[in-house]
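In case you want the letters, here they are:
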Amino acid sequence: MVSRIRTVAFQGIEAVPVDVQVMIAPGKTGMQIVGLPDKAVAESRERVQAALHASGLSMPAKKVTVNLAPADLPKEGSHYDLPIALGLMAALGAVPGDALDGFVVLGELSLDGTIAAVAGALPAAMGANAVGRGLICPHACGSEAAWAGADIDILAPRSLIALANHFRGTQVLSRPEASIHAPAGDLPDLADIKGQESARRALEVAAAGAHNLLMVGPPGSGKSMLAQRLPSILPGLQPRELLEVSMIASMAGELAGGKLTDRRPFRAPHHSASMAAMVGGGLRARPGEVSLAHNGVLFLDEFPEFSPQALDALRQPLETGECVIARANHRVAYPARIQLVAAMNPCRCGMAGEPGYRCARGPRCLADYQARISGPLLDRIDLRIEVPAVSANDLIRPGRSESSAAVAARVLSARRIQHERFAALGVPASTNAHCPTTLIEDVALPDAAGLALLREASEKLGFSARAYHRVLRVARTLADLDGSDGVGRIHLAEAISYRMSSERMAQAA
């Protein structure tokens, strides 16, 4: 007799259907798992046997063969435990096999028969819902899976016994409820920043258009402090964005208690992070920091201290919004549409250009340090500002600066303008930073004075084609913040000013 249970294998955030086929036949007593299982899947044999024994069932004194089809697709992870166990139970008659036909199953078994949480419950639920099936998952993952839709049938048992009793009719498992994290009110506030008016303005522009930002200044000038307050002025995730972000977090096992949040991700890896940690990789090609920051912010403090390989690996995600991990045996693509925010000192000693300070190595110190960042990567950064040291007068000045709530209201208004514009044009972009190149010259067409200024600046500063279009995107954001329908000379002048320092830095690189 052969019983069949449907489960999934994960390729990125895509759930690929897998059939678990269990056959009990005469022969040498034992259990064999075939179908390209990895070590975790092969070891499920021991976990399944122990869990069945703890649940009052014993393995038959026959040959048990478990086939994971398609046989040429690598199977990785511990979530195959539960479908294998249910396949055995169905073959033994402990649960009705036809009752399992309409479900996708995943879960890890403990030796006592309880079902432990696994990564990927939300993508599995989305995939099951797409083909009209329900989902059986661990109890800890139930609230996460419930976000796949109100019409999908979800069972989230705590143990094998509870699931068997549900199908026998002696116990009823209620459908889990989708849960969300309560909004936290402990985000750092921009009102804590004293001075740095130009940096605050650049931060607002970056938030309004999702532009990449680089801050350069001496130690203690407030670069990290400014970056940490960026989440407080960003709008919440839209429903589609929330599901995308949550599916990636689910694959990484980072959904605490299965609860989703509409707060945009803010990732700040240490500068010792490897290239695989940044863009993803490893044995199972897990998502990296770039993908975990999808639809949010990736903050790289001490920018030049990251390895050149890790930094240059960011070029493709910044341009395409996707991170492709190619290995000899498989290829995985993760979404990675991020807003890059970076902070760095002007030189290794950190004080180049400060009044009254003279570096012992001279200009070579600044040039060598800034050359650690490649020109092509700098070309992808829209805003580059200098953050000078805060003076004593700024620190002792009474009163507080403008709060994050006031700035967030302006950012939200500008984002709404962009969303309505691109929706009317039928473009999938939602912010100016992600506006297609073929469209930006139409939506950000400058007036005559602005066009003359842009032409003159392009000739003097030697803008690349990418830099030219990024200046237009920033100018469009500045006009949206002003509530202006057109892009004027004043908007282009400010956008070019944010780009001039980047061009000087690129020359040093």
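Residues numbered from 1 in each chain as written. Predicted model: local features only at pLDDT ≥ 70, side-chain atom pairs only at ≥ 80, totals over all residues. Heavy atoms only, no water.

A. Seen up close, the overall build of the chain. The helix and strand tally for the chain stands at 21 helices and 16 strands. Dimensions of the chain along its principal axes, counting C-alpha atoms only, are 85 × 50 × 45 Å. Taking all 509 residues of the chain together, 52% fall into the buried category. Pairs at least 24 residues apart make up 74% of the contacts formed inside the chain by residues separated by at least 6 positions. A total accessible area of about 21,900 Å² is found for the chain, and carbon and sulfur atoms account for 54% of it. (Helix = DSSP H or I, 4+ residues; strand = E, 2+ residues; numbered from the N terminus. Buried < 20%, exposed > 50% of the residue type's maximum accessible area, 1.4 Å probe, protein only. Contact = heavy atoms within 4.5 Å. Areas by Shrake-Rupley, 256 points an atom, 1.4 Å probe, with all protein chains shown as cover.)

B. How the structure looks around helix 2 (residues 44-54). When helix 2 is considered as a whole, its buried residues turn out to be Ser44, Arg47, Val48, Ala51 and Leu52. The arc that holds every buried residue of helix 2, seen down its axis, measures 125°, which confines them to one face. Next to the buried residues of helix 2 lie strand 3 (30-34), helix 1 (39-42), helix 3 (81-92), strand 6 (108-109) and helix 6 (160-168). Trailing helix 2 by a residue or two, Gly56 shows a phi angle of about 90°, which is positive. (Arc of directions from axis to C-beta.)

C. Spatial organisation of the layout of surface pockets. Roughly 820 Å³ of volume is contained in the largest pocket. Arg240, Glu241, Asn295, Pro428 and Ser430 are, among the 32 residues lining the largest pocket, the residues nearest its centre. Contributions of two or more residues to the lining of the largest pocket are made by helix 9 (239-251) and helix 17 (404-425). With 7 residues, the top contributor of residues to the lining of the largest pocket is helix 17. Per-class residue counts for the lining of the largest pocket are 13 nonpolar, 11 polar and 8 charged. (1 Å grid on protein atoms, 1.4 Å probe; cavity = no way out; pocket = protein on both sides within 12 Å on 5 of 7 lines; lining within 4 Å. Points joined across faces, edges and corners; volume = space filled by probe spheres on them. Nonpolar A, V, L, I, M, F, W, Y, C, P; charged D, E, K, R; others polar.)

D. The arrangement of the sheet that holds strand 12 (residues 297-300) in detail. Here 5 strands make up an open sheet; going across it, the order is 11-12-15-10-16 and the pairing parallel. Of all strands in the sheet, those with a lone pairing partner are strand 11 (266-267) and strand 16 (383-386), marking the two edges. With 4 bridges connecting them, strand 10 (residues 213-216) and strand 15 (residues 339-344) associate as parallel partners. The partner of Leu214 across the bridge, within strand 15, is Ala342. (Pairing = 2+ DSSP bridges.)

E. Focus on unusual backbone geometry. Here the bond from Ala69 into Pro70 is cis, since omega is 5°, no more than 30 degrees from zero. Topologically, Pro70 is positioned in the loop between strand 4 (63-69) and helix 3. You will see that Gln196, though not glycine, has its phi angle at about 55°, which is positive. Note that Gln196 resides in the loop between helix 6 and helix 7 (197-209). Accessibility expressed as a relative area gives 10% for Gln196, which makes it buried. Even without glycine at this site, Glu302 takes up a positive phi of about 55°. Relative to the assigned elements, Glu302 resides in the loop between strand 12 and helix 12 (308-312).

F. Representation of the packing of helix 4 (residues 121-130) against helix 9 in the model. Two elements in contact, helix 4 and helix 9, have axes whose closest approach is 7 Å; the angle formed by their N-to-C orientations is 120°. Relative to helix 9, helix 4 is oriented oblique. Residues Ala121, Leu122, Pro123 and Met126 of helix 4 form the contact with helix 9, whose participating residues are Leu243, Ser246, Met247, Ser250 and Met251. (Axes fitted to C-alpha atoms, helices over the stretch in contact; angles between N-to-C directions. Parallel < 35°, antiparallel > 145°, perpendicular 65-115°, else oblique.)

G. The arrangement of the packing of aromatic side chains in detail. Enumeration over the complete set of coordinates arrives at 2 aromatic pairs. Look at Phe103 and Phe167: their rings are 6.4 Å apart centre to centre, the planes differ by 80°, and that puts the pair in the edge-to-face class. Here Phe167 lies in helix 6 and Phe103 lies in strand 5 (residues 103-105), a separation of 64 residues in the sequence. On the basis of relative accessible area, Phe103 is assigned to the buried category, the value being 9%. A residue is classified by how much of its surface remains accessible, and Phe167, at 18% relative accessible area, is buried. When the ring of Phe266 is compared with that of Phe299, the centres are 6.1 Å apart and the planes differ by 25°; the resulting orientation is stacked. Residue Phe266 is located in strand 11, and its partner Phe299 is located in strand 12; the two are separated by 33 residues in the primary sequence. Phe266 gets classed as partly exposed once you look at its relative accessible area, which sits at 29%. Over the ring of Phe422 we find Arg421; its NZ or CZ atom is 5.9 Å from the centre of that ring. (Phe/Tyr/Trp six-rings, centres within 6.5 Å; stacked < 30°, edge-to-face > 60°. Lys NZ or Arg CZ within 6 Å of the ring centre and 35° of its normal.)

H. Structural view of the pairing of strand 1 (residues 2-11). Examined bridge by bridge, strand 1 and strand 2 (residues 14-25) share 10 bridges and lie antiparallel to one another. Looking across to strand 2, one finds that Ser3 is bridged to Val22. Connecting strand 1 to the next strand, strand 2, in antiparallel fashion are 2 residues, including Gly12 with a positive phi near 70°.

I. Quick look at the pairing of strand 2. Where strand 2 meets strand 4, 7 bridges bridge the pair, whose relative direction is antiparallel. Each residue of the ladder has a partner; that of Asp19, found in strand 4, is Ala69.

J. Up close: the pattern of salt bridges. Throughout the structure, instances matching the rule amount to 24 salt bridges. Across the pair Glu305 and Arg348 runs a salt bridge, and its minimum N-O distance is 3.8 Å. Remark: Arg348 occurs in the loop between strand 15 and helix 14 (363-370) and Glu305 occurs in the loop between strand 12 and helix 12; sequence separation between them is 43 residues. Here Arg466 ties to Glu319 by a salt bridge, and the two come within 3.2 Å at their closest N and O atoms. Within this pair, whereas Arg466 is found in helix 20 (residues 465-482), its partner Glu319 is found in helix 13 (residues 315-320), the two being separated by 147 residues in sequence. With relative accessibility at 26%, the residue Arg466 sits in the partly exposed group. Salt bridges sharing common partners tie together Glu319, Asp379, Arg380, Asp382, Arg466, Arg470 and Arg499. (Salt bridge = Lys/Arg side-chain N within 4 Å of Asp/Glu carboxyl O.)

On their own, these measurements won't tell you what the molecule is for.
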